[in-house]
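Residue strings, one per chain:
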Amino acid sequence: GQQLNQSPQSMFIQEGEDVSMNCTSSSIFNTWLWYKQDPGEGPVLLIALYKAGELTSNGRLTAQFGITRKDSFLNISASIPSDVGIYFCAGRSNDYKLSFGAGTTVTVRA
Amino acid sequence: DTEVTQTPKHLVMGMTNKKSLKCEQHMGHRAMYWYKQKAKKPPELMFVYSYEKLSINESVPSRFSPECPNSSLLNLHLHALQPEDSALYLCASSQELVNEQFFGPGTRLTVL
């Protein structure tokens, strides 16, 4: 599948901050997924979105499926140290294959 | 049981060895996947099985050979690998092809 444009590539967070990342595509997707991966582990599914305009929360995480079906964002509110890791967006169209973003690396600011 | 398990967690093999990676899920999922992931890169799809039949082969070299013995198990047989094949190999499953995928913890493979 195609690679999505995910930004920012990396970010530093301070505990308590809200952070945001997004993904855009040149193609329309039917599904948007957000995963978090810790070092040496597999990606863990955070949020799945199935409808354009859908806004879904999972604890301190909120994600939206863009109206154009070509973008999605993920917000993390009141960040904590265990939020560090690599966040991947993934989109799926009709061919059942997931297209992944390059990832956003979240690090704690010293 | 709500997880995908993979064994072994780590594997070191020589270029002439034959080894196998194993993946198991007991969630009743009918689609299973193999991905390869290099450091700091997203996962790359290798193979997709649906109802125990190979649905997608992403032009993977024949030194990688997948097998789906039953609806809960997925194997990846390795033979004559190259050092550049060293990576994290991830298994995933989903209820059907259209549903969200759940990943296992991966096997860290090193080819010497």
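It should be noted that the structure appears before, not after, this text.
Residues numbered from 1 in each chain as written. Chains lettered and ligands numbered in written order. Predicted model: local features only at pLDDT ≥ 70, side-chain atom pairs only at ≥ 80, totals over all residues. Heavy atoms only, no water.

Q: Would you mind showing me how to read the packing of aromatic side chains here?
A: To describe a pair of aromatic rings, one takes the distance between the centres and the angle between the planes. Within this structure, the stated rule accounts for eight aromatic pairs over all chains. An aromatic cluster of at least three residues, connected via ring pairs, comprises A:Tyr35, A:Phe88, A:Phe100, B:Tyr33, B:Tyr35 and B:Phe103. (Phe/Tyr/Trp six-rings, centres within 6.5 Å; stacked < 30°, edge-to-face > 60°.)

Q: Would you take a moment to explain the sheet that holds strand β8 (residues 71-76) of chain A for this structure?
A: All names here are of chain A. Strand order in this open sheet of five strands is β1-β3-β8-β7-β6, and the pairing throughout is antiparallel. If you trace the sheet from one side to the other, it starts and ends with β1 (5-7) and β6 (55-58), each paired once. Direction aside, the axes of adjacent strands within the sheet are offset by 15° on average. Of the strand pairs in this sheet, β1 and strand β3 (residues 19-24) are connected by three bridges, and their pairing is antiparallel. Pairing of Ser 7 across the sheet is with Asn 22, part of β3. (Pairing = 2+ DSSP bridges. Helix = DSSP H or I, 4+ residues; strand = E, 2+ residues; numbered from the N terminus. Axes fitted to C-alpha atoms, helices over the stretch in contact; angles between N-to-C directions.)

Q: Looking at this structure, how should I read empty space enclosed by the protein?
A: A water-sized probe rolled over the atoms picks out the places where empty space is left. Residue and element names in this part refer to chain B. Summed over all chains, the structure comprises one cavity of 30 Å³ or more. Of the pockets and cavities examined, the largest cavity occupies roughly 50 Å³. Forming the boundary of the largest cavity are His 29, Arg 30, Ala 31, Met 32, Tyr 49, Ser 50, Tyr 51, Glu 52, Cys 68 and Ser 71. Listing elements by their share of the lining of the largest cavity, those giving two or more residues are β4 (31-37) and β5 (44-50). (1 Å grid on protein atoms, 1.4 Å probe; cavity = no way out; pocket = protein on both sides within 12 Å on 5 of 7 lines; lining within 4 Å. Points joined across faces, edges and corners; volume = space filled by probe spheres on them.)

Q: Is there a simple way to explain the sheet that holds strand β1 (residues 4-7) of chain B in this structure?
A: Across a sheet, strands are paired by hydrogen bonds formed along the backbone, either parallel or antiparallel in direction. Residue and element names in this part refer to chain B. Strand order across the open sheet formed by four strands is β1-β3-β8-β7, with antiparallel pairing between neighbours. Taken across any chain shown, the strands that pair with only one partner, and hence form the sheet edges, are β1 and β7 (64-70). Going from strand to strand, the sheet's axes swing by 20° on average, the running direction of each strand aside. Judged from the seven bridges that link them, strand β3 (residues 18-25) and strand β8 (residues 73-79) form a sheet pairing that is antiparallel. Considered in β8, the bridge of Leu 21 is made with Leu 76.

Q: What exactly am I supposed to notice about the pattern of salt bridges here?
A: Close approach of charged atoms lets side chains of opposite charge pair. All names here are of chain B. Throughout the structure, instances matching the rule amount to seven salt bridges over all chains. Across the pair Asp 85 and Arg 63 runs a salt bridge, and its minimum N-O distance is 2.8 Å. Residue Asp 85 is found in the loop between β8 and β9 (87-94), and its partner Arg 63 is found in the loop between β6 (53-57) and β7; the two are separated by 22 residues along the sequence. Under the relative-accessibility criterion, Asp 85 is labelled buried at 2%. (Salt bridge = Lys/Arg side-chain N within 4 Å of Asp/Glu carboxyl O. Buried < 20%, exposed > 50% of the residue type's maximum accessible area, 1.4 Å probe, protein only.)

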